[in-house]
Amino acid sequence: AVDPDSPEDKGRQSYLSQMKKLWEDCTGCCWFACWQLPDALVFAPQAVSEATGFQVNRESALLLGERMVHRQRLISLYLGYKPESDFFMSDRVSGAVPSGPAKGRALAPHFAGMRKEYYDCLGWDTETGAPSDEALEKVGLSGYRVGRN
């Protein structure tokens, strides 16, 4: 459980939820259908194992999700994406909320810290946004770098 009113740990939480979401995307399962479903990361890998004969478990499912994140990043960087675009969004999303319980609070001041935390979780360079060789090796993408492959 995390404090929804605090910017602390949001980069790491985004990292964790993205790995699960991309795994579920790869299975063709709607992420929203698996939200709050107890043991979704046990039963879905087991179902894939039964259907395909491949041995898939929670850890390998999340690793597949992380591999997808790195692939997306490599393609984006190859196409000219810059890390400063990570939080390029309208004031409607990042600016101060005009009313309600969060009135006057804004996300924009916290974006840089959340991005650094997210990049650190993935092993990405904080300046360029490029995955490190170690991060790519972890997910089975050794040898792939922007501009080389």
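Scroll up a little and you will see the structure.
A brief structural summary. What you are looking at is a predicted structure, and each value in this text was computed from that prediction instead of being measured.

1. What about the overall build of the protein?
Now for step 1: Check the secondary structure of the protein and you find seven helices and zero strands.
Now for step 2: If you list the helices and strands of the protein from N to C, you get α-α-α-α-α-α-α.
Now for step 3: Dimensions of the protein along its principal axes, counting C-alpha atoms only, are 55 × 40 × 20 Å.
Now for step 4: Every one of the 149 residues in the protein was classed for burial, and the buried ones make up 28%.
Now for step 5: In the form shown here, the protein has an accessible surface area of approximately 9800 Å², with 57% of it arising from carbon and sulfur atoms.

2. Some thoughts on the packing of helix α4 (residues 58-78) against helix α6 (residues 111-122)
Now for step 1: Interhelical geometry of α4 versus α6 gives an angle of 115° and a closest axis separation of 11 Å. With respect to α6, the element α4 is oriented roughly perpendicular. Of the two possible hands of crossing, α4 and α6 adopt the one that is left-handed. Contacts between α4 and α6 involve Glu66, Val69, His70 and Arg73 on the former and, on the latter, Tyr118, Tyr119 and Leu122.
Now for step 2: Residue composition of the contact of α4 with α6, by class: four nonpolar, one polar and two charged.

3. A closer look at the pattern of salt bridges
Now for step 1: For the coordinates displayed, the defined rule picks out six salt bridges.
Now for step 2: Glu66 serves as the salt-bridge partner of Lys138, at 3.2 Å between the closest nitrogen and oxygen. Placement of the pair is Lys138 in helix α7 (residues 133-138) and Glu66 in helix α4, with a sequence separation of 72 residues.
Now for step 3: Residue Lys138 is classed as partly exposed on the basis of its relative accessible area, which comes to 45%.

4. Observations regarding the packing of aromatic side chains
Now for step 1: Considering all chains together, one arrives at two aromatic pairs under this definition.
Now for step 2: For the ring pair Tyr118 and Trp124, a centre distance of 5.8 Å and an interplane angle of 85° mean the geometry is edge-to-face.
Now for step 3: Residue Tyr118 is classed as buried on the basis of its relative accessible area of 14%.
Now for step 4: With relative accessibility at 6%, the residue Trp124 sits in the buried group.
Now for step 5: Ring centres of Tyr119 and Trp124 lie 5.3 Å apart, and the angle between their planes is 65°; on these two criteria the pair is classed as edge-to-face.
Now for step 6: Tyr119 sits in the buried class, given a relative accessible area of 1%.

5. Some points on the state of the cysteines
Now for step 1: Summed over all chains, the structure comprises zero disulfides.
Now for step 2: Not engaged in a disulfide, the cysteine Cys26 finds its nearest cysteine sulfur in Cys29; these two sulfurs lie 12 Å apart.
Now for step 3: Looking at Cys26, the relative accessible area reads 41%, which means it is partly exposed.
Now for step 4: We classify Cys29 as partly exposed; its relative accessible area is 32%.

6. A closer look at a nonpolar patch on the surface
Now for step 1: There is a patch of nonpolar side chains on the surface, built from Ile75, Tyr78, Leu79 and Val146 and spanning about 450 Å² of accessible area.
Now for step 2: Along the chain, Tyr78 falls in helix α4.
Now for step 3: Taking relative accessible area as the criterion, Tyr78 reaches 56% and is therefore assigned exposed.

7. Considering helix α3 (residues 40-52)
Now for step 1: Here α3 is 13 residues long and its end C-alpha atoms lie 18 Å apart, about the 18 Å a rise of 1.5 Å per residue gives.
Now for step 2: Just past α3, the residue Gly53 takes up positive phi, approximately 90°.

Rules of the game
- Residues numbered from 1 in each chain as written.
- Predicted model: local features only at pLDDT ≥ 70, side-chain atom pairs only at ≥ 80, totals over all residues.
- Heavy atoms only, no water.
- Helix = DSSP H or I, 4+ residues; strand = E, 2+ residues; numbered from the N terminus.
- Buried < 20%, exposed > 50% of the residue type's maximum accessible area, 1.4 Å probe, protein only.
- Areas by Shrake-Rupley, 256 points an atom, 1.4 Å probe, with all protein chains shown as cover.
- Axes fitted to C-alpha atoms, helices over the stretch in contact; angles between N-to-C directions.
- Parallel < 35°, antiparallel > 145°, perpendicular 65-115°, else oblique.
- Left-handed = near helix turned anticlockwise from the far one by under 90°.
- Contact = heavy atoms within 4.5 Å.
- Nonpolar A, V, L, I, M, F, W, Y, C, P; charged D, E, K, R; others polar.
- Salt bridge = Lys/Arg side-chain N within 4 Å of Asp/Glu carboxyl O.
- Phe/Tyr/Trp six-rings, centres within 6.5 Å; stacked < 30°, edge-to-face > 60°.
- Disulfide = S-S within 2.5 Å.
- Patch = residues over 30% accessible without salt bridge, like charges linked within 9 Å, V, L, I, M, F, W, Y side chains within 5 Å.
- Expected span 1.5 Å × (residues − 1).

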